[in-house]
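Residue-level structure breakdown
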Amino acid sequence: MRRVSYLLTALLVLALTFVPAVFAAEAPTVSQEVLEVYDKLAKDPKVTSAVKFLESDHEQRVQYVKDLVVIEAPSHKEEKRSRAYAALLKEAGLSDVTIDEKSWNCWGVLPGTKKGPVVFVDAHLDTVFDFGTVKGFTVDEKGTIYAPGIGDDTSALGGMLSVIRAFVKNGVKPVYDIVFVGTVGEEGLGDLKGMKAFLNENHPIGKNVIAVIDFEGGGPERITYLCTGSHRYFIDFIGPGGHSFGAFGTPSAIHAAGRAIAKVADVQVPGGPKTTFTVGMIEGGTSVNSIAADCRLQLDMRSNLMDNLLSLEKTIMSIWQLGADEENARWNKPGTITVKTTMVGDRPAGSQDENIKLIQAHWQSNVMFGYTPSLSAASSTNINWSVYKGYPSICVGAGGSSTGNHSPSETWNPAGAWKALQVGFMTICAVAGVDGVTQPLGGK
Ligand SMILES: [Zn+2]
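Every chain begins its residue count from 1, and numbering advances along the sequence as written. Confidence filtering applies because this is a predicted model: local features only for residues at pLDDT of at least 70, side-chain atom pairs given and counted only at 80 or more, and all residues used for totals across whole chains, interfaces and linings. Excluded from the side-chain calculations are hydrogens and water; all other atoms, namely the structure's heavy atoms, are used.

**Some remarks on the coordination of the zinc ion**
Filter applied, for reference: For Na, K and Ca the donor cut-off is 3.2 Å, while for other metals it is 2.8 Å, and in both cases only N, O and S atoms qualify; water is not among them, so sites may look incomplete. Square planar and octahedral sites, with four and six donors, are those where opposite donors lie more than 155 degrees apart and all other angles lie between 65 and 115, tetrahedral sites have four donors with every angle between 85 and 135 degrees, and the rest are irregular. By the criteria applied, helices consist of DSSP H or I runs no shorter than four residues and strands consist of E runs no shorter than two, each listed in order from the N terminus. Think of it in three bands: with a 1.4 Å probe and only protein chains considered, a residue is buried below 20% of the maximum accessible area for its type, exposed above 50%, and partly exposed in between.
Donor atoms from the polypeptide that bind the zinc ion are His124 (NE2), Asp152 (OD), Glu216 (OE) and Glu216 (OE), placed at 1.9 to 2.4 Å. Because the angles between the 4 donor atoms bound to the zinc ion fall within 55 to 149 degrees, the donor set is best described as irregular. The sequence pattern formed by the donor residues of the zinc ion is H-x27-D-x63-E. Of the two residues, His124 is situated in strand β3 (residues 114-124) and Glu216 in strand β7 (residues 209-216); the sequence distance between them amounts to 92 residues. By relative accessible area, which is 0% here, His124 ends up buried. For Glu216, a relative accessible area of 12% translates into the label buried.

**Focus on the sheet that holds strand β9 (residues 229-238)**
In plain terms, the rule: Note: two strands are recorded as paired if DSSP finds a minimum of 2 bridges between them. Helix axes use the C-alpha atoms of the stretch in contact, all axes being lines fitted to C-alpha atoms, and the angles between their N-to-C directions lie in the range 0 to 180 degrees. The contact rule is simple, with two residues in contact once any of their heavy atoms fall within 4.5 Å.
Strand order in the open sheet made by the 4 strands is β11-β13-β9-β14, with antiparallel pairing throughout. One side of each edge strand has no neighbouring strand; the edge strands of this open sheet are β11 (275-284) and β14 (338-347). Strand-to-strand twist in this sheet, taken as the mean axis angle between neighbours without regard to direction, amounts to 15 degrees. Of the strand pairs in this sheet, β11 and strand β13 (residues 294-303) are connected by 9 bridges, and their pairing is antiparallel. In the strand pairing of β13, Gly284 is matched with Cys295. Strand contacts of helix α7 (residues 253-265): β9, β11 and β13, with the helix running at about 20 degrees to β13, the strand carrying the most contacts.

**Comments concerning helix α8 (residues 306-317)**
Selection rule: An expected span of 1.5 Å times one less than the residue number is assigned to each helix. Note: the arc covers the axis-to-C-beta directions of the helix.
Helix length check: α8 (12 residues) gives 16 Å between terminal C-alpha atoms against 16 Å at 1.5 Å per residue, within 8%. Along α8, the residues that are buried comprise Met306, Asn308, Leu309, Leu312, Glu313 and Ile316. Take α8 and look down its axis: the buried residues cluster within an arc of 155 degrees, on one side only. Turned more than 90 degrees away from the buried face of α8 sit Asp307 and Lys314, all of them exposed.

See the structure below:
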């Protein structure tokens, strides 16, 4: 065994319960303007036939999900699924279907009648599972489908195709262009690669986006609009190593890391919105009878407030070298152990006013279909990036119920999943506007 220890996860988890969390607002105030838009949409024959269509398209949507889940797509390795999804976007009736061969985002456009502003709708292509994990899927007598990645986020990829079909097959023409995107890199060390590649001032479509609707698994009633930021690092302690007996007196990479971790464990987090840290993994060393030549720590820091995250980061990142210095001084061998830090995750924190029109719209869509909506506490999703960049954004469910997300026993039960698509469809209509029926509400 080369590695002395894996996954000493319990080493440093701190329960920082004394810090108050940022709580979501109770509800947005839905304006008269928004209510009037919904009144018109509810009466429009094309919109109502599209709503009905979503129910009748349910089996097709489930088939899409089954077809896509077996095309594995670990973060940073989404090419194959991206190509397959792009073909489905085209088949569903979108124009200008494009695959970005740098990021492997894929997208297509549902053209509006007015050029300029664009509504962005996405679900993420990637999963947390490496190649070889998905061996197909099984379905039980209750219709529950078993496959890693089925709920997060393949169910939403299938749902998005059904929403596109609802527009196209029922002749619902938006006022603003709508771009439907299969995004890459949402999970873990994917680090929001897809959102970063698309939603920025240099992207020909991304620069015109006025609202972001991000589909995840689950129901439509919980509206995520606040974002927990995270910064993640690999910390490497590096030294010469040596025989535990013969080279005794040589500074140890593991001992240096231990000295540093002890200091980090005592760090006080800033007051205010919840701010956390943990060394989640530690690995290194050569054998039980060797002085360790290497030790890698994986550090995760989170906050609902960007300033807190940055100040915590400043504190913690100044500590690692102290551990190396102390270990070198202990043996009077200055400079023997060195430290290298590598940032591997950068998800900015962010918050938005709960009264932006995008949130009002999705709230009202829920009310329209008999759901009781709620504003969720901050979490980490694709919209971390878009909120940070100032795009009005929500993350909502595309329907069905799933269990065991991010585990090999992940399931998705599609019963009634079309209802969430009706809610999402109506939000897209309200924000983008429907030609001859409503003016776009826009996002802000
Ligand atoms: Zn997801």
